[in-house]
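# Tertiary structure, described
The residues making up each chain are set out below.
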Amino acid sequence: FFIFPEHPLPQLVGCAILGVIEISVLTAGGYAKRVCRNRYTAMYGNSSLTARYQVNEAYEMSRAMIPAYIISFILK
């Protein structure tokens, strides 16, 4: 029933809010990836193996999520 709405402003506002949220998710994901990578390289020879493993896991997870964020952004 919203094919030809009488007032398209609510739809435009909703789309704008969705776009801002999606761009924020992409930005936060890229930032998380960069921070984890930098932290891992900074602590490479200085920390225990467990700490490096945890940071490496966080980096791998953030890197794996980037394609999902991009696909979600494109499909919406």
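All figures in this text were calculated on a predicted structure; none of them were measured in a lab.

Right, let's talk about the UniProt feature "transmembrane region" (unreviewed entry) in the protein chain for a bit. Within this numbering scheme, the UniProt entry marks residues 12-32 as carrying the feature "transmembrane region" (unreviewed entry). For residues 12-32, the helix share is 100%, the strand share is 0%, and the end-to-end C-alpha distance is 30 Å.

So, on to the environment of Thr41. Examined against the element boundaries, Thr41 turns out to sit in helix H1 (residues 9-42). Here Thr41 falls in the exposed class, since its relative accessible area comes to 53%. Note: C-alpha distance between Thr41 and Leu75 (34 residues apart in sequence) is 34 Å.

On to H1. Relative to the 50 Å expected for 34 residues at 1.5 Å per residue, H1 spans 49 Å between its end C-alpha atoms, a close match to the ideal helical length. Within H1, the full set of buried residues consists of Glu22, Gly29 and Cys36. Its buried side turned inward, H1 meets helix H2 (49-75).

A few words now on a nonpolar patch on the surface. Side chains of Leu9, Leu12, Val13, Ile17, Ile21 and Val25 sit close together on the surface and give an oily, nonpolar patch of about 540 Å² of accessible area. Checked against the element boundaries, Leu12 lands in helix H1.

Let us now look at the pattern of salt bridges. Counting across every chain of the model gives one salt bridge. Taking the shortest distance from any N to any O, the salt bridge between Arg63 and Glu60 comes out at 3.1 Å. Of this pair, Arg63 and Glu60 both sit in helix H2, separated by three residues, roughly a single helical turn.

Rules and cut-offs
Residues numbered from 1 in each chain as written. Predicted model: local features only at pLDDT ≥ 70, side-chain atom pairs only at ≥ 80, totals over all residues. Heavy atoms only, no water. UniProt positions renumbered as here; feature names shortened; annotations may be inferred. Helix = DSSP H or I, 4+ residues; strand = E, 2+ residues; numbered from the N terminus. Buried < 20%, exposed > 50% of the residue type's maximum accessible area, 1.4 Å probe, protein only. Expected span 1.5 Å × (residues − 1). Contact = heavy atoms within 4.5 Å. Patch = residues over 30% accessible without salt bridge, like charges linked within 9 Å, V, L, I, M, F, W, Y side chains within 5 Å. Areas by Shrake-Rupley, 256 points an atom, 1.4 Å probe, with all protein chains shown as cover. Salt bridge = Lys/Arg side-chain N within 4 Å of Asp/Glu carboxyl O.

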